[in-house]
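Results of the structural survey
Next come the chains, spelled out residue by residue.
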Amino acid sequence: MADSRQGVCILGATGSIGQSTLDVLRRHPARWRVESLGACRDVEGMLAACREFRPRCVAMGERAAAAQLREALRLEGLPIEVLEGATGMEAIAADAASPIVVAAIVGAAGLRPALAAVRQGKRVLLANKEALVMSGALFMDEVERHGATLLPLDSEHNALFQCLPRPDAVRHLELGVSELILTASGGPFRQRPADQLAWVTPEEACAHPNWSMGRKISVDSATLMNKGLEVIEARWLFDVPPERIRVLVHPQSIVHSMVAYSDGSVLAQMGNPDMRTPIAHALSWPERVESGVAPLDLTRVAALQFEQPDLARFPCLRLAFDALQQGGVAPAVLNAANEVAVEGFLARRLRFTQIPALIEAVLEQAPSVAADSLEAVFRSDHEARELAARWMAAYGERL
Ligand code: NAD
Ligand code: MG
C-alpha cells in the first residue's frame, strides 16, 4: 500500500527545537514520516535520531562529521544516505519527498536552506528567526512568489498567528488589528541591578527561568536581543509597521503574545511554556493534534504580571528597533554583530554588558545600503562579522 504519511525534513534536528519536533512526531507515527534530518556536527545526536526514526537521508554541515556518521551507519547496517556541507543541507531542504520542512538551524547559516525549501513552495515551519531578520522583505517575496506556506514556530509569532483574524491575510490593519503585543519573559537577569550585569557568566545567562533552549537563543533572551529579533520577525511575517509592535515583559511566560483590536478586544494565546505546542500547531494547522504538553492549570499559575521592558539595562531591544527603523541591511548587520558578540561572551572574551556596546559600534561603522539582493545581505553580514571581530579584539574584556 502507498505510504500516505507526509514526509518531514528537520534542519537543526539535534538542537532544542529539532528534538522537540521529533518528540511531537514520535506521538504521530501514522500521520508523519521523518524523511530527512540535518545538523552541523553532533554525530552522536544524529545517530540516535537515525536509529529511532530511520530517515531516508541526512545531511551534516561539517564534512568530518558526515564521514564519521557514514561509517557509524555502515557499522550498524542502517541504509541512510549522508550528504554534507551547505549544499547537502539545501538539497534535503529542497527534496520533493518532504513537503514539510522545519527550519531550526541557529543563526545566519539557516537562511539558504530555509530559502531552498521556500522556493519549492513547501510548508515551512520557521524557528530560525535570524533568517527573516537578515533578509525580511526578500524572504517574504520568495514565499509569495513560490506559493510557500510559512508558519511560525517561535512561540510569540505562533501565538500571534493564532490570534490574528485571518492567518493568511496580509492586510491585518484593514481587518481592525491595532497592535501586536509580544511578550518577553525578561530572562534570567530581569531583576539584576545594572551595576552587576558586567559580571554575569555564560552559565547564569543560559539558565533560563521558563524555557530550556540552545545556548545562543538563551543569551539572546538574557540580553533581550531575542525580543528585538522577534520584533523584526513579526514586522515581516505579518506585514505590520514597527510602531504597531509593542513588547511587554511577562515573567510567567503563560501568555505567549497578544493581538489588540480597534474595538478594544485583546486576544491572547496561553499555554505552558513548551515549544511542542507551537510545533504541533504548525505541523497540523489548520487541524490540532496532541503535543505531549501538560494542560494549563491557571490556579497553579495564580497570577499573571506584565511590565514595561527596561531599555536602560537591556539596550539590545532598543538597538533592534533602531535597526528596523534604519532599514536596508541594518537588521542583517545587527544580527551578524550579535552572533559574533554572543559567541564572544560564551567564550568569555566579552562581558555581558559589552554585547550591546559591540553591536552599537558595528551598526555605526557598517555602510548602510539597500537590502535589494541576497548577495547584498550576505556581503553586509560578512563585513559586520569582520567589524565585530575587530571591535572584540580591541575592547573585549575577559571574564
Ligand atoms: P540549538 O543550538 O539547540 O540547535 C541548533 C541546531 O542547528 C543544531 O541541530 C545544530 O546542529 C544546527 N546547526 C548549527 N549550525 C549549523 C550549520 N552551519 N549547518 C547545519 N546545521 C547547523 O538551537 P535551538 O535552541 O534549537 O534554536 C534553533 C533556532 O530556533 C534558533 O534560530 C532559535 O532562535 C530558534 N528558536 C528556538 C527556540 C527554543 O525554544 N529553543 C524558540 C524559538 C525560536
Ligand atoms: Mg520566542
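Relevant structure appears above.
What you are looking at is a predicted structure, and each value in this text was computed from that prediction instead of being measured.

1. What about empty space enclosed by the protein?
This structure, assessed with the given rule, holds two cavities of 30 Å³ or more. Looking at the largest cavity, its volume works out to about 50 Å³. Every element with two or more residues in the lining of the largest cavity is listed here: α7 (155-163) and α11 (276-284). Partitioning the lining of the largest cavity into residue classes produces two nonpolar, seven polar and one charged. Volume-wise, the second largest cavity comes out at about 40 Å³. Class assignment for the residues of the lining of the second largest cavity results in six nonpolar, two polar and no charged.

2. A few points about the pairing of strand β9 (residues 245-249)
Two faces make up the sheet, and in a regular strand the side chains alternate between them. Most of β9 sits inside the fold, with four of its five residues counted as buried. With five bridges connecting them, strand β8 (residues 177-184) and β9 associate as parallel partners. Bridging across to β9, Ala-184 finds its partner in Val-249.

3. Side note on the pattern of salt bridges
In this structure the tally under the stated criterion is 35 salt bridges. Between Lys-216 and Glu-130 there is a salt bridge, with its nearest N and O atoms 2.9 Å apart. Pair noted here: Lys-216 is in helix α9 (residues 215-223) and Glu-130 is in helix α6 (residues 129-145), with a separation of 86 residues, a long-range link. When its relative accessible area of 6% is taken as the criterion, Glu-130 is described as buried. Residues Asp-239 and Arg-235 are paired through a salt bridge, measuring 3.4 Å at the closest nitrogen-oxygen approach. One network of salt bridges, with partners in common, ties together Asp-3, Arg-5, Arg-33, Glu-35, Arg-56, Glu-81 and Asp-95.

4. A word on the pairing of strand β5 (residues 100-103)
By the alternation rule, side chains of β5 split into Ile-100 and Val-102 and Val-101 and Ala-103, which are all buried. In the sheet, strand β1 (residues 6-11) pairs with β5 via four bridges, with the strands oriented parallel. Across the sheet, residue Leu-11 finds its bridge partner in β5, namely Ala-103. Bridge count between β5 and strand β6 (residues 123-126): four bridges; the pairing is parallel. Bridging across to β6, Ala-103 finds its partner in Leu-126. Between the parallel pair β5 and β6, the chain is carried across by helix α5 (residues 111-118), and the sense of this crossover is right-handed.

The rules behind each value
Residues numbered from 1 in each chain as written. Chains lettered and ligands numbered in written order. Predicted model: local features only at pLDDT ≥ 70, side-chain atom pairs only at ≥ 80, totals over all residues. Heavy atoms only, no water. 1 Å grid on protein atoms, 1.4 Å probe; cavity = no way out; pocket = protein on both sides within 12 Å on 5 of 7 lines; lining within 4 Å. Points joined across faces, edges and corners; volume = space filled by probe spheres on them. Helix = DSSP H or I, 4+ residues; strand = E, 2+ residues; numbered from the N terminus. Nonpolar A, V, L, I, M, F, W, Y, C, P; charged D, E, K, R; others polar. Buried < 20%, exposed > 50% of the residue type's maximum accessible area, 1.4 Å probe, protein only. Pairing = 2+ DSSP bridges. Salt bridge = Lys/Arg side-chain N within 4 Å of Asp/Glu carboxyl O. Right-handed = clockwise from strand over helix to strand, strands pointing away.

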